[in-house]
Every structure is written in C-alpha cells, then in structure tokens.
Amino acid sequence: MSHTQAVITILAVALGTLVTRVLPFLLFPDTKDPPQWVRKLGSVLPYAMMGLLVVYSLKDVWPPAPPYGAPEGISLLFVYILHKWKKNTLISIAGGTALYMALVRVFA
Amino acid sequence: MSPNRKALAAAFPLTIPVLTGYLFLGTSFGFLMGSKGFPVWYSLLMSLCIYAGSMQFVTVQLLLGAFQPVYALGMALMINARHLFYGLSMLEKYRGKGKCKPYLVFALTDETFSIACSAACPEGVDSGRFYFFLSLLNQSYWVAGSLVGSLLALGLSRLTQLNAGGIEFVMTALFFVIFLNLWEEKKHRIPGLAGAGAAALSLVLFGKDGFLPPAMGLILLFFLADSRFSKGGAGG
C-alpha cells in the first residue's frame, strides 16, 4: 500500500468513527429537545454501557479452556474486595492490575 | 486562577486512571505499528484523527492488507457503533457547550465517556472548559503513548525484552471499578445488569467478533419494552 492509499484508509476509518460520534448530536442539536423516550434512554444507557464495557474488555477470555478465566476472575474479585475496603479507585485499579500481571505469569 | 487553569486543575485528577491505561495501550499500539514497519507519522495521524483504541488496532490489519477504503469505513462504523449510545447518553451533559462542543463530540472515547458520564463539574468551574480539558488530557495521553511506542519499536529493539504482559487489565479494572461506583446507587443497578447481561448473552451466542451490534439491540429492546424506563418512572 502506498502512502497515499494508507492515508486514504486512515481517513476512511476516521470518518466512520466520527460519524458514530457525531450522529446523535446532529439528530438532536441543542435547540431541539429530544423526545421523552430518547431522554429516558439517555438516563439509563450510561449505566448499561458500563456493564457492556466490562464484558467487552473481557471478550478474549475463554472459560472452557485453561486457565479457565482464573486470572481474570481472581483479579476481578480482588478489585471488588479492595474497592469495598479502601474505596479508592486508583488503589483498586493498580492492585487488581498488579495481581493480574502476576497471575498470568503463574498460569502461563 | 484563570477559568482555564481552574478547569484544568479540576479535570486532571479524574483523568489519572486513564493516563495509565492510555499511555500503556497507546504505547502498545505505536509499538505494533513500528514493528510492522510503519512510519511514526502514521501512528500520530491515527491517534490524532481516528482516536479510537480498538479500531486503531484493527486499522493496523487493514493497512497490512489490500487497499479497500469502503470496507475500512464499514468496519469503523460497525466496531464503533457503541459510540451512538455514548452520544445519546451525553446529549444533556454536553448541551450548550458552544465552542468546546465539536471537540467534546469528536473525543468521546470509551474511557472519556466513562469518566465524563460519572463526573460532576465542581462548583465555580466552567463546565464547558471542564469537559474540554478532561477530553483533551485523555487524547494527549493517547497521542503521547502512540509516539513513544512507535519510537521504541523503531529505535530500541532491545527494549522488546521488557515484559509488561497483562498490564492491559488496567482497562478492565477501570471499567469494573466505575461499574462498582455506579452500583452504589440502587437505581443504576438494573440498567448496569441489563447491559452486562445483554453483552454476556450476546457474546456466548455470537462470539467475540460480532457480539456488539446484537448486544446493543438487546439493550435497546430491554429499555424500550420496560415501561418503568420508557414511561418515566426511573428518571435521573
């Protein structure tokens, strides 16, 4: 692929990505009130999306095969306990990640 | 303090978890690009104008294949369709943000969304500037990571011996902790579980390469069918 073709490919991906980000705001600009059902959707979707993102970030885990999702499961449990205990976002994330990095070496 | 300094100071602490994640993921992306022999400016161009993590990794594959720009566009639309939901969720928060708004909309990544949707702008800080710096800081981490990764791959091959495997879990932990924070509020639990449940079900049924569109369809169906949500019982 030439530089020109590569730049066109990159811009095509950028355009596709931009469309997905701009579309909701184009359909419902500041001056136009979105209908009630859209506003209700907007008030619950952020929480549903966060649930989806947790699953999305784990999509490469395959529990039926070794190590049976153990590093992820144990680390998430650890994050949960740490978070209940310290209630500090950074400590929970750093602790969980450190444990996970250790576990993938143990289970490798 | 000037309004800009004030907004920057309020936004920065909230972006620290993303700082770690983006520096690492951005560096991995840049490193992958560099190791495939692509010049540094490709990585910079991608992180500046695409600015979507998982899609940029897919784009590396696209650049290695035949020249098919329409296919590339279609892939970007599919993989990033979840952004439609982020936009719908942020209509109210980003309303009336004037000059800042185009950039806020462009820079609405998974991580920026996860921070912005749960962050409250502090008293006395201009909210447009607050969200602007939140978004700008996050993209600067991503761009910096891409640059560092590309340079590493090009120049310092002995550093490939460094083994940081598993650090990508920082993103899973980030999403999970935000999920736990939202869980504290009872009214967020049903939407949170619905999202996770729909995604998990869809992942089992459709596999990891095509589960996002059906998962999003399921989530929409759930909320449109549930009268508590469509008739206004669960406001806020």
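Residues numbered from 1 in each chain as written. Chains lettered and ligands numbered in written order. Predicted model: local features only at pLDDT ≥ 70, side-chain atom pairs only at ≥ 80, totals over all residues. Heavy atoms only, no water.

## Some thoughts on empty space enclosed by the protein
Item 1. Applying the stated rule across the entire model yields 2 cavities of 30 Å³ or more.
Item 2. The space that makes up the second largest cavity amounts to roughly 30 Å³.
Item 3. Residue lining of the second largest cavity: Phe28, Pro29, Asp30 and Pro34 of chain A together with Leu91, Arg95 and Lys101 of chain B, and that is the complete set.
Item 4. The class makeup of the residues in the lining of the second largest cavity is 4 nonpolar, no polar and 3 charged. (1 Å grid on protein atoms, 1.4 Å probe; cavity = no way out; pocket = protein on both sides within 12 Å on 5 of 7 lines; lining within 4 Å. Points joined across faces, edges and corners; volume = space filled by probe spheres on them. Nonpolar A, V, L, I, M, F, W, Y, C, P; charged D, E, K, R; others polar.)

## Section: the domain arrangement of chain B
One frequent convention defines the size of an interface as the accessible area lost when the parts assemble.
All names here are of chain B.
Item 1. When cut into domains, chain B gives domain 1 (3–163) and domain 2 (185–236).
Item 2. On a C-alpha basis, the centroid separation for the pair domain 1 and domain 2 is 25 Å.
Item 3. Taking both sides of the interface into account, the surface hidden between domain 1 and domain 2 amounts to around 400 Å²; carbon and sulfur atoms contribute 92%.
Item 4. Linking domain 1 with domain 2 are 0 salt bridges.
Item 5. Taken together, domain 1 and domain 2 are joined by 0 residue pairs in polar contact (both at pLDDT 80 or more).
Item 6. When contributions to the side of domain 1 that touches domain 2 are tallied by element, the ones reaching two or more residues are α4 (69–79) and α5 (82–90).
Item 7. Split into classes, the residues belonging to the side of domain 1 that touches domain 2 amount to 4 nonpolar, no polar and 1 charged. (Domains from an automatic or database assignment. Buried area = accessible area lost by both parts, 1.4 Å probe. Salt bridge = Lys/Arg side-chain N within 4 Å of Asp/Glu carboxyl O. Polar contact = N/O pair within 3.5 Å; in protein donor to acceptor, adjacent residues only side chain to side chain. Helix = DSSP H or I, 4+ residues; strand = E, 2+ residues; numbered from the N terminus.)

## A look at the packing of helix α3 (residues 70–86) of chain A against helix α9 (residues 169–183) of chain B
Item 1. In contact at an axis separation of 10 Å, α3 of chain A and α9 of chain B are set at 45° when each is read in the N-to-C sense. When the axis of α3 of chain A is compared with that of α9 of chain B, the two are oblique. Regarding α3 of chain A and α9 of chain B, the two cross each other, and that crossing is right-handed. For the pair α3 of chain A and α9 of chain B, the contacting residues are Glu72, Ser75, Leu76, Val79, Tyr80 and His83 of chain A in the first and Phe169, Thr172, Ala173, Phe176, Val177, Leu180 and Asn181 of chain B in the second.
Item 2. When grouped by side-chain class, the residues that make up the contact of α3 of chain A with α9 of chain B number 8 nonpolar, 4 polar and 1 charged. (Axes fitted to C-alpha atoms, helices over the stretch in contact; angles between N-to-C directions. Parallel < 35°, antiparallel > 145°, perpendicular 65-115°, else oblique. Left-handed = near helix turned anticlockwise from the far one by under 90°. Contact = heavy atoms within 4.5 Å.)

## Some thoughts on the pattern of salt bridges
Item 1. Inspection of every chain in the model, using the stated rule, returns 5 salt bridges over all chains.
Item 2. Residues lysine 59 of chain A and aspartate 60 of chain A are paired through a salt bridge, measuring 3.8 Å at the closest nitrogen-oxygen approach.
Item 3. A residue is classified by how much of its surface remains accessible, and aspartate 60 of chain A, at 53% relative accessible area, is exposed.
Item 4. Between aspartate 60 of chain A and lysine 208 of chain B there is a salt bridge, and its shortest N-O distance comes to 3.0 Å. On the criterion of chain membership, the pair formed by aspartate 60 of chain A in the loop between α2 (36–57) and α3 and lysine 208 of chain B in the loop between α10 (189–206) and α11 (212–225) is interchain, its members lying in two chains.
Item 5. When salt bridges that share partners are traced, they join Lys59 and Asp60 of chain A together with Lys208 of chain B into one network. (Buried < 20%, exposed > 50% of the residue type's maximum accessible area, 1.4 Å probe, protein only.)

## Observations concerning the state of the cysteines
All names here are of chain B.
Item 1. Under the defined criterion, the tally for this structure stands at 0 disulfides over all chains.
Item 2. Note on cysteine 117: no disulfide assigned, nearest cysteine sulfur contributed by cysteine 121 at a separation of 15 Å.
Item 3. Cysteine cysteine 121 is unpaired, with the sulfur of cysteine 100 as its nearest cysteine sulfur at 11 Å.
Item 4. Taking relative accessible area as the criterion, cysteine 121 reaches 23% and is therefore assigned partly exposed. (Disulfide = S-S within 2.5 Å.)

## Examining the layout of surface pockets
Item 1. Estimates place the volume of the largest pocket at around 1,100 Å³.
Item 2. Residue lining of the largest pocket: 37 residues in total, with Tyr56, Ser57, Lys59 and Asp60 of chain A together with Ser54 of chain B positioned closest to the centre.
Item 3. Of all elements in the fold, only α2 of chain A together with α1 (3–35), α3 (53–64), α4, α5, α7 (110–118), α9 and α11 of chain B reach the threshold of two or more residues within the lining of the largest pocket.
Item 4. Three or more residues apiece are contributed to the lining of the largest pocket by two domains, here domain 1 (3–163) and domain 2 (185–236) of chain B.

## Concerning a nonpolar patch on the surface
Item 1. A cluster of nonpolar side chains, namely Leu15, Val19, Leu23 and Leu27 of chain A together with Leu77 of chain B, defines an oily patch on the protein surface of about 390 Å² accessible area.
Item 2. When residues in the nonpolar patch are grouped by element, the largest group, 4 residues, is from helix α1 (residues 3–27) of chain A.
Item 3. With respect to the element layout, leucine 77 of chain B can be found in helix α4. (Patch = residues over 30% accessible without salt bridge, like charges linked within 9 Å, V, L, I, M, F, W, Y side chains within 5 Å. Areas by Shrake-Rupley, 256 points an atom, 1.4 Å probe, with all protein chains shown as cover.)

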